[in-house]
Amino acid sequence: MSATTVAAASASNGTTTATLSLHHRRRHHHHQPLSFSQSFLPSKTPLKPSSQLKSLSTPTPRIARISSSYYPHEEVASIDIDDDKPREECGVVGIIGDPDSSRIACLALHALQHRGQEGAGIASSHSGRLLSHTGLGLVSEVFRDPASIASLPGSSSIGHVRYSTAGAASSLLNVQPFTAGYRFGHLAVAHNGNIVNYSSLRSRLESSGSIFNTSSDTEVVLHLIAHSKSRPFVARLVDACQSLHGAYSFVFLTHDNKMFAVRDPHGFRPLVMGRRRTNSAIVFASETCALDLVDAEYIREVNPGEIVEVDGNNDNSISTLCLMPQRQRKACIFEHIYFALPNSIVFGRAVHSSREAFGETLASESPVLNADVVIPVPDSGFFAALGYAKRSGVPFQQGLIRSHYVTRTFIQPSQELRDLAVKLKLAPVQGILKDKIVVVVDDSIVRGTTSSKIVRLIKNAGAKEVHMRIACPPIVGSCYYGVDTPRTEELISNRMDVEGLRKEIGCDSLSFLSLESLRRLLGDEAPTFCDACFSNNYPVPPIENEVERAAAV
Ligand SMILES: O=P(O)(O)OC[C@H]1O[C@H](OP(=O)(O)OP(=O)(O)O)[C@H](O)[C@@H]1O
Ligand SMILES: NC(=O)CC[C@H](N)C(=O)O
Ligand code: SF4
Ligand SMILES: [Mg+2]
């Protein structure tokens with residue numbers, strides 16, 4: 001049994017009652033009951049679809065101007081959506097050298113929909129102008145009307161799907177790409193990540209005259225570019241990025257048909273580059289699954305600290321520049337655990353293989369004696385469960401069926417409604433579960449709500465014993481680099497030990513993959529991954545964000 005495993009004293013399968021010796025330093029020990037105060041609504045309901053179409057071709061002011069400010073009346077009330085999960089991250093795309101660039105960008109955004117469901121947008125460069133269309137909701141909602149794509153002509157486009165880390169989730173103003181005018185022309189940006197020193201940068205910029213139009217951290221980069229005195233554009237970009245701390249995978253598009261893909265020196269967030277097989281258009285995307293969908297062959301990652309420039313006026317010529325002195329890569333391991341799609345290659349590794357390996361090791365570390373069946377918690381627990389079953393030799397079955405019409409985001413006010421929410425999303429298969437010793441494998445536990453509901457469902461379906469196995473270590477720290485995990489106090493593994501959590505969830509035993517095993521599985525590359533949400537070792541000190549989050553309580 002691993003050091004992060006605990007079994008119920010009453011478990012009759014041979015697992016022993018464990019005394020806890022967790023590897024992870026707990027900063028907070030609030031032994032309070034979970035507090036749930038949400039309302040039950042499907043995810044799409046609260047986000048009133050709203051969109052805006054705009055063209056930037058007017059004379060330019062001295063400072064950066066965010067075009068969405070032209071439509072302040074379209075701002076909608078801020079509504080808090082599901083806060084008990086790690087929210088996905090954003091997804092970015094860029095296509096240059098394709099006469100149908102906005103349509104291809106839209107397809108690529110569909111492939112990245114799992115990375116953000118709050119808003120979507122595309123900006124294109126056409127005849128010296130930037131055009132854009134952004135809206136709240138899913139890609140299919142924002143681009144439902146074919147006229148929206150038709151209104152974005154041009155051979156280069158960038159796109160974005162958003163899940164907010166800074167700035168109101170339901171504000172149309174915060175939906176990217178942002179387009180801005182300044183003294184050298186027009187510029188659009190799409191960002192995945194989170195700028196840790198955003199507040200101090202914003203204060204500094206405001207004291208020197210900048211007027212901000214959004215509450216998003218991303219906007220600071222446009223002001224920094226506008227303030228830079230360097231030339232050409234790429235030098236202004238370097239200037240701006242040198243002031244940023246934290247995580248950024250950016251795609252920029254200029255009015256004169258140039259595209260710039262940039263990754264922060266630690267390379268927290270993924271960004272890959274490919275080439276369309278049909279017409280050699282260059283494609284940038286957060287994940288390779290987007291390249292696959294638009295028939296682009298994978299070329300390589302944009303390297304940490306690198307700027308890749310593609311000149312659409314010069315036969316898509318590519319030049320690259322190292323952004324800053326080399327730092328150690330700190331790629332987000334949570335991409336492999338939960339966020340990325342299993343069919344993507346992220347940070348040079350196949351996501352499905354990582355998950356299978358996590359599951360296999362979990363099976364070796366935390367076996368369940370006499371288990372009858374291993375079942376995954378769909379969707380993201382699938383490959384870890386497969387790995388667990390393979391290593392343990394216990395049959396793999398689909399004991400929970402997931403509805404394809406229910407998204408990840410649920411808001412529920414009471415226990416009855418939370419149970420109903422899970423019933424809508426996940427249905428137990430009684431024939432597989434009844435009278436069985438069931439091993440349930442999920443990728444992660446954040447607040448513990450999903451796990452407790454699932455255990456109840458499976459027990460109600462007649463299971464004899466339910467053993468939860470989690471294919472990552474306990475999450476004890478918030479993320480400041482682009483994953484909007486709840487505040488530290490809300491993370492259940494920060495509020496109780498594994499035995500407390502097991503009781504809360506109501507299962508017969510509970511085990512997590514240990515941090516040591518996770519690192520061992522990454523081999524020589526382990527030091528090049530960020531695992532701060534498990535270890536509290538933050539590669540970029542999150543002091544400013546800590547202060548902000550505390551103030552926001
Ligand atoms: O402990 P919790 O706060 O409940 O959060 C953890 C759960 O949330 C995620 O699933 P989600 O339903 O978001 O997405 P999925 O369908 O892709 O697994 C994750 O896979 C866990 O199942
Ligand atoms: N998750 C993300 O990458 C979000 C990007 C940006 N920080 C925003 O809040 O819009
Ligand atoms: S803190 Fe966790 S979620 Fe955030 S970048 Fe690091 S590993 Fe990823
Ligand atoms: Mg899940």
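Criteria and cut-off values
- Residues numbered from 1 in each chain as written.
- Chains lettered and ligands numbered in written order.
- Predicted model: local features only at pLDDT ≥ 70, side-chain atom pairs only at ≥ 80, totals over all residues.
- UniProt positions renumbered as here; feature names shortened; annotations may be inferred.
- Buried ≥ 20, exposed ≤ 12 C-beta atoms within 10 Å, placed from the backbone.
- Helix = DSSP H or I, 4+ residues; strand = E, 2+ residues; numbered from the N terminus.
- Arc of directions from axis to C-beta.
- Contact = placed C-beta atoms within 7 Å.
- Near = placed C-beta within 6 Å.
- Nonpolar A, V, L, I, M, F, W, Y, C, P; charged D, E, K, R; others polar.
- Core = buried A, V, L, I, M, F, W, Y, C linked by C-beta atoms within 7 Å.
- Domains from an automatic or database assignment.

Naming follows an unreviewed UniProt entry, where the protein appears as Amidophosphoribosyltransferase of Iris pallida. The Catalytic activity (unreviewed entry) field of the UniProt record for the protein holds the comment "5-phospho-beta-D-ribosylamine + L-glutamate + diphosphate = 5-phospho-alpha-D-ribose 1-diphosphate + L-glutamine + H2O". Looking at the protein in UniProt, the text filed under Pathway (unreviewed entry) is "Purine metabolism; IMP biosynthesis via de novo pathway; N(1)-(5-phospho-D-ribosyl)glycinamide from 5-phospho-alpha-D-ribose 1-diphosphate: step 1/2."

1. A short note on helix H15 (residues 498-505)
Taken together, the buried positions of H15 are Val498, Leu501, Arg502 and Ile505. In a view along the axis of H15, the buried residues occupy a sector of 105°, so they form one face of it. Just past H15, the residue glycine 506 takes up positive phi, approximately 85°.

2. So, the UniProt feature "binding site: [4Fe-4S] cluster" (unreviewed entry) in the protein
In this structure's numbering, the residues bearing the UniProt feature "binding site: [4Fe-4S] cluster" (unreviewed entry) are Cys332, Cys479, Cys530 and Cys533. These residues run over 202 residues, yet every pair of their C-alpha atoms falls within 10.2 Å of each other. Relative to the helices and strands, cysteine 332 is located in strand S18 (residues 331-332). Discounting chain neighbours no more than four positions away, the residues touching cysteine 332 are Phe268, Arg269, Tyr481 and Cys530. Secondary-structure assignment places cysteine 533 in helix H17 (residues 532-535). By C-beta crowding, cysteine 533 is classed as buried, having 30 other C-beta atoms within 10 Å. Excluding its chain neighbours within four sequence positions, the residues that come into contact with cysteine 533 are Phe334, Ile475, Gly477, Cys479 and Thr485.

3. Things to note about the site of ligand 3
What surrounds ligand 3 is the set Phe268, Cys332, Ile333, Phe334, Cys479, Tyr481, Val483, Cys530, Asp531, Ala532 and Cys533. Split by residue class, the shell around ligand 3 holds ten nonpolar, no polar and one charged.

4. A look at the UniProt feature "active site" (unreviewed entry) in the protein
Taking the UniProt record as the reference, the feature "active site" (unreviewed entry) is found at Cys90. Positionally, cysteine 90 belongs in the loop between strand S4 (65-66) and strand S5 (91-96).

5. Structural notes on the nonpolar core
The biggest cluster of nonpolar side chains holds 153 residues, and the ones touching the most others in it are Val93, Ala108, Ala261, Val283, Val440 and Ile458. The greatest single-element share of this core, amounting to seven residues, is contributed by helix H10 (residues 382-392). Among the domains, domain 1 (5-30 + 353-552) and domain 2 (53-77 + 87-329) are the pair contributing at least three residues each to this core. For valine 283, the residues in contact, after removing those within four places along its chain, are Gly94, Ile95, Ala108, Gly274, Arg275, Arg276, Leu291, Val294 and Ala296.

6. Let's talk about unusual backbone geometry
Note that the residue after glutamine 176, namely proline 177, is joined by a cis bond; omega there is 0°. The omega torsion across proline 378 and aspartate 379 is -5°, close enough to zero to call that bond cis. By the secondary structure assignment, aspartate 379 is in the loop between strand S21 (373-376) and H10. Not every positive phi belongs to a glycine, and serine 127 is a case in point at roughly 50°. For serine 127, the location among the structural elements is in the loop between strand S6 (119-126) and strand S7 (129-136). According to the C-beta neighbour criterion, serine 127 is exposed, with 10 such atoms within 10 Å. Within the chain, aspartate 315 stands out as a residue other than glycine whose phi angle is a positive 60°.

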